[in-house]
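If you want the building blocks of each chain, they are given just below.
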Amino acid sequence: MEADIKKQKQDAWIRGALYLSLAAFLAKGLSALYKIPYQNLTGDTGFYVYQQVYPLYGIAFVLGTYGFPIVIAKIVAEQRDSSKENGTKLLQERLLVIFGTLMVLHGSIGLFVIIFAEVIASIMGDAKLINAIRMMGLPFFLIPFLAIGRGVYQGLGNNVPTAISQVVEQLVRVIVILGIAWWAMAQGDPYLAGTSAGIGAFVGGIAAILIFIFVLRKNNHIFLQSKKYRISESLPWKTDLKDILINGFFVSVSALALVIFQFIDSMTMFRLLVSEGVSPVEAAVAKGIYDRGWPLIQFGAVVTTVFSYGVVPVLAMAFKRRERALLLTNVGYAVKVSLIFGGAAAVGLATIMPYLNGMMFMDRLGTGALQISAFVVLFGALFMTIAALLHAVNNASLAAGVLMIGLTVKLVLNVALIPTYGITGGAGSSLIAFMLMGLASLVIIKQLMLWTPLTFIFWLKWLLSLMSMFAVVWGYQWVLGQFLATGRAFDTIIALTGAVLGGFIYLIIIWKVKLFEKKEWESVPKLGAILPYKD
C-alpha cells in the first residue's frame, strides 16, 4: 500500500514536471516567434524600437518566471507533511516577507524606469524611445504576484496552474502587442508601436494573475486552511531573503544569458553607430536588421536545450544520492545532445539564412551578420545546458561567474568592433563571447569530474556529419536557384524545403555513423523507435 502511494506521488510529480516543461517550451516558442510578424508589421525601425526596450523587462521577467518561483517552491515544499499546528500561519508570514521584499525591489525598479525614462533613452542615444521605455515600468509591479503564485503551487506539487499561467500570459501578451503594433503602424508611427512591449507585458501579467485568483478560490483548502506545514521558528528572515535574491539569480542564469546580451546591444549599438557618423534613421534600421537574429537564436536554443533539460531532475537526484556513474552518464548525454543538435541548428540556420531572412523578414538585408549570429545557437545551447546541469549539482554560482565573464567580453568587443564593422561586429562579439562561455563551461564540468571528454572519433564524426549536411543543403539551394525566380515566395520554398532536407539528411547520417551510443539514441524521443540501432 505504501509503495503504491509512493508511486502515485512520483507519477504525479513526473506529470507536473511534464506540464511545466511543455508550458515553458510553448511560452518560449511564442516569445521568440511572434517577433517575426511584429517586424513584418512595423519594419526594421519598429523592430529596433521594440528590441531596445524589451530587454529592460526581460531580465526581471526571467527572474519572476523561473528564479524566484523555484526558490519559493522549495521553501513551501520542504515544510510539507508536517503536523505542527501553527505551521500554516508561520508559512504565510514567511511568504508575506518574501512578497514584501519583491514588491519593494520590483516596485522600485518599475518607478525608476518610469521616472528616469528620459535618462535611459539618452544613454541609448535615442530620445524618441522615452514613451516606450516608460511603459516598460508597468509590468514590474506584477512580478511579485506572479512569483508567489507560481512558487506556492509548484511547492504544493501542483504545477498545472503555473503551466496554464505561463501559456496564458504569453498568449495574451502576443495578441496585445501585435494588436497595438497594427494600430500604431496604421498611423505610421513605429515608436508608438514600441509602447506595445510594456502594455502587452502588463496585460499578459494581469491575465496570469487572474488564473491564480481563480484557482485559489477553487482550491483554497490546499494552502490557506492546511495544517500540514512546519516552519522552523529559529530560521531568520534574512535566510529567506538571501535565498530569493541570490539563489533566485543563480537558478535563472541559463535563461538570463540571451536577454542580457540583448540588453547590452540595446545600450551600446545604436549609440556606437551614430558616433561613427551613421545617421539616426540609418542606425535604427541597421539595429533592427541586426535584431532579426535574436528570435531565431532564441528559438533554436530553446528547441535544442529542451531535450537535454529533461535529464536535470534525474541529475539532481543522482547527485543527492551520490550515484556517480548515473551522474556521469546523464551529464555526458546532455552535453552530447546540445552539441549534436545545437551544431545542426547552427549550421542549418547559417546555410539557409539568405532564404530564411527573405521568407521571414521580407528582404535579405544583413544576411552575413545573421549567418554569424546563427552559430550563437550552438554555443548558447551548450552554455545554457551546462548552466542548468551545474544548478542541479549545487554549483550554479560557477555558471553565474562564466556569464559575468561572457557579458564583460561582449561589452568590450561591442565597443571595439561595432564602430569599424557595424552590425557584423555586433554579431561577432556575441559569437566570441558565447564561444568562450560554452568552452569555459566544458572545462568547469571536466574539472568537477562531472564529464568525461569526448573521443577524437566522436569529434571527427560530428564535424563530418555537419559538413555533409551543409554540402547537401547548399548544393540543393544552388540547383533550385537556377530554376526558380527570385522573391519572397521563392525564398519561402527554398528555406522550408532546405530545412526539411537538411534535418532528414543529418538524422540519417548521425544514425549511420552512430554518433550516439545505443542507449543514448534510444532515449532521444521518437528517434530511437523510428530508426533503431542494430546490434
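The preceding data block contains the structure.
About the cut-offs
- Residues numbered from 1 in each chain as written.
- Predicted model: local features only at pLDDT ≥ 70, side-chain atom pairs only at ≥ 80, totals over all residues.
- Heavy atoms only, no water.
- Helix = DSSP H or I, 4+ residues; strand = E, 2+ residues; numbered from the N terminus.
- Buried < 20%, exposed > 50% of the residue type's maximum accessible area, 1.4 Å probe, protein only.
- Areas by Shrake-Rupley, 256 points an atom, 1.4 Å probe, with all protein chains shown as cover.
- 1 Å grid on protein atoms, 1.4 Å probe; cavity = no way out; pocket = protein on both sides within 12 Å on 5 of 7 lines; lining within 4 Å.
- Points joined across faces, edges and corners; volume = space filled by probe spheres on them.
- Nonpolar A, V, L, I, M, F, W, Y, C, P; charged D, E, K, R; others polar.
- Contact = heavy atoms within 4.5 Å.
- Salt bridge = Lys/Arg side-chain N within 4 Å of Asp/Glu carboxyl O.
- Polar contact = N/O pair within 3.5 Å; in protein donor to acceptor, adjacent residues only side chain to side chain.
- Phe/Tyr/Trp six-rings, centres within 6.5 Å; stacked < 30°, edge-to-face > 60°.
- Lys NZ or Arg CZ within 6 Å of the ring centre and 35° of its normal.
- Expected span 1.5 Å × (residues − 1).
- Bend = angle between axes of the 7 residues up to and from the residue.
- Axes fitted to C-alpha atoms, helices over the stretch in contact; angles between N-to-C directions.
- Parallel < 35°, antiparallel > 145°, perpendicular 65-115°, else oblique.

(A) Spotlight on the overall build of the protein chain. The number of helices and strands found in the protein chain is 24 helices and zero strands. Counting over 535 residues, the protein chain shows a buried share of 52%. Counting every atom, the protein chain has about 23800 Å² of accessible surface; 70% of that belongs to carbon and sulfur.

(B) Summary view of empty space enclosed by the protein. Tallying each qualifying case throughout the model produces two cavities of 30 Å³ or more. Approximately 40 Å³ is the volume found for the second largest cavity. Looking at the second largest cavity, the residues that line it are Tyr 290, Gly 293, Trp 294, Ile 297, Ser 373, Val 376 and Ser 430. Take the lining of the second largest cavity: its biggest share by element is three residues, from helix α14 (residues 293-309). Partitioned by chemical class, the residues of the lining of the second largest cavity number four nonpolar, three polar and no charged.

(C) Just the side chain of Gln 262, in detail. The topology assignment puts Gln 262 in helix α12 (residues 253-275). The exposure class assigned to Gln 262 is buried, which follows from its relative accessible area of 7%. Residues contacting Gln 262, with those up to four places away along its chain left out, are Lys 35, Gln 51, Pro 55 and Trp 294.

(D) Structural context of the pattern of salt bridges. Per the stated rule, a full pass over the model turns up six salt bridges. A salt bridge links Asp 265 to Lys 410, with the nearest nitrogen and oxygen atoms 2.8 Å apart. Of this pair, Asp 265 sits in helix α12 while Lys 410 is found in helix α19 (residues 396-421), placing the two residues 145 residues apart along the sequence. Summarising the burial analysis for this pair, Asp 265 and Lys 410 share the class buried. Residue Asp 363 pairs with Arg 292 through a salt bridge whose shortest N-O separation is 2.9 Å. Here Asp 363, found in the loop between α16 (324-361) and α17 (367-374), pairs with Arg 292, found in the loop between α13 (280-290) and α14; they are 71 residues apart in sequence, far enough to count as distant. Judged by its relative accessible area of 27%, Asp 363 is partly exposed. Bridged by salt links that share partners, the residues Asp 44, Arg 292 and Asp 363 form one connected network.

(E) Structural detail: the side chain of Glu 169. Considering the arrangement of structural elements, one finds Glu 169 in helix α7 (residues 160-186). Within the structure, Glu 169 has its side chain in polar contact with the side chain of Arg 150 (distance 2.6 Å). Look past the residues within four positions of Glu 169 in its chain and what remains in contact with it is Tyr 57, Phe 61, Leu 146, Arg 150, Gly 204, Gly 205 and Ala 208.

(F) Inspection of the packing of aromatic side chains at higher detail. Counted according to the given criterion, the structure contains 17 aromatic pairs. With a centroid separation of 5.4 Å and an interplanar angle of 10°, the aromatic rings of Trp 521 and Tyr 533 are classed as stacked. Residue Trp 521 is found in helix α23 (residues 518-523), and its partner Tyr 533 is found in the segment after α24 (527-530); the two are separated by twelve residues along the sequence. Judged on exposure class, the residue Trp 521 and its partner Tyr 533 are both buried. Each residue in the set Tyr 34, Tyr 38, Tyr 50, Tyr 54, Tyr 57 and Phe 140 is aromatic and connected to the rest through ring pairs, giving one cluster. Taking NZ or CZ as reference, Lys 514 lies 5.2 Å from the ring centre of Tyr 533, over its face.

(G) Highlighting helix α2 (residues 35-77). Over its 43 residues, α2 extends only 37 Å from the first C-alpha to the last, a length that falls short of the 63 Å expected when each residue adds 1.5 Å. Of all the bends found along α2, the most pronounced is centred on Gly 43 and spans about 120°. The element α2 is largely enclosed, with a buried count of 34 among its 43 residues.

(H) Structural context of the layout of surface pockets. Estimates place the volume of the second largest pocket at around 810 Å³. Taken together, 33 residues form the lining of the second largest pocket, with Val 303, Ala 344, Ala 345, Ala 499 and Gly 503 sitting closest to its centre. The biggest single contributor to the lining of the second largest pocket is α16, with eleven residues. For the lining of the second largest pocket, a count of residues per class yields 26 nonpolar, seven polar and no charged.

(I) Molecular detail of helix α18 (residues 376-392). With 17 residues, α18 extends 24 Å from end C-alpha to end C-alpha; this agrees with the ideal 24 Å at 1.5 Å per step. Among the 17 residues in α18, 16 count as buried, and that is most of the element.

(J) Representation of the packing of α17 against helix α20 (residues 423-447) in the model. Two elements in contact, α17 and α20, have axes whose closest approach is 8 Å; the angle formed by their N-to-C orientations is 5°. Accordingly, the angle class assigned to the pair α17 and α20 is roughly parallel. Contact with α17, carried on its side by Ala 369, Ile 372 and Ser 373, involves Ile 423, Thr 424, Ala 427, Gly 428 and Leu 431 of α20 and no other residues of that element. By residue class, the composition of the contact of α17 with α20 is five nonpolar, three polar and no charged.

(K) Region of interest: the environment of Asn 414. If you trace the backbone, Asn 414 turns up in helix α19. Discounting residues that sit within four places of it in the chain, Asn 414 has contacts with Ile 264, Asp 265, Thr 268, Leu 272, Pro 419, Gly 426 and Ser 429.

(L) Fine view of unusual backbone geometry. Backbone geometry at Asn 394 places phi at a positive 60°, although glycine is not the residue there. As for its position among the elements, Asn 394 is in the loop between α18 and α19.

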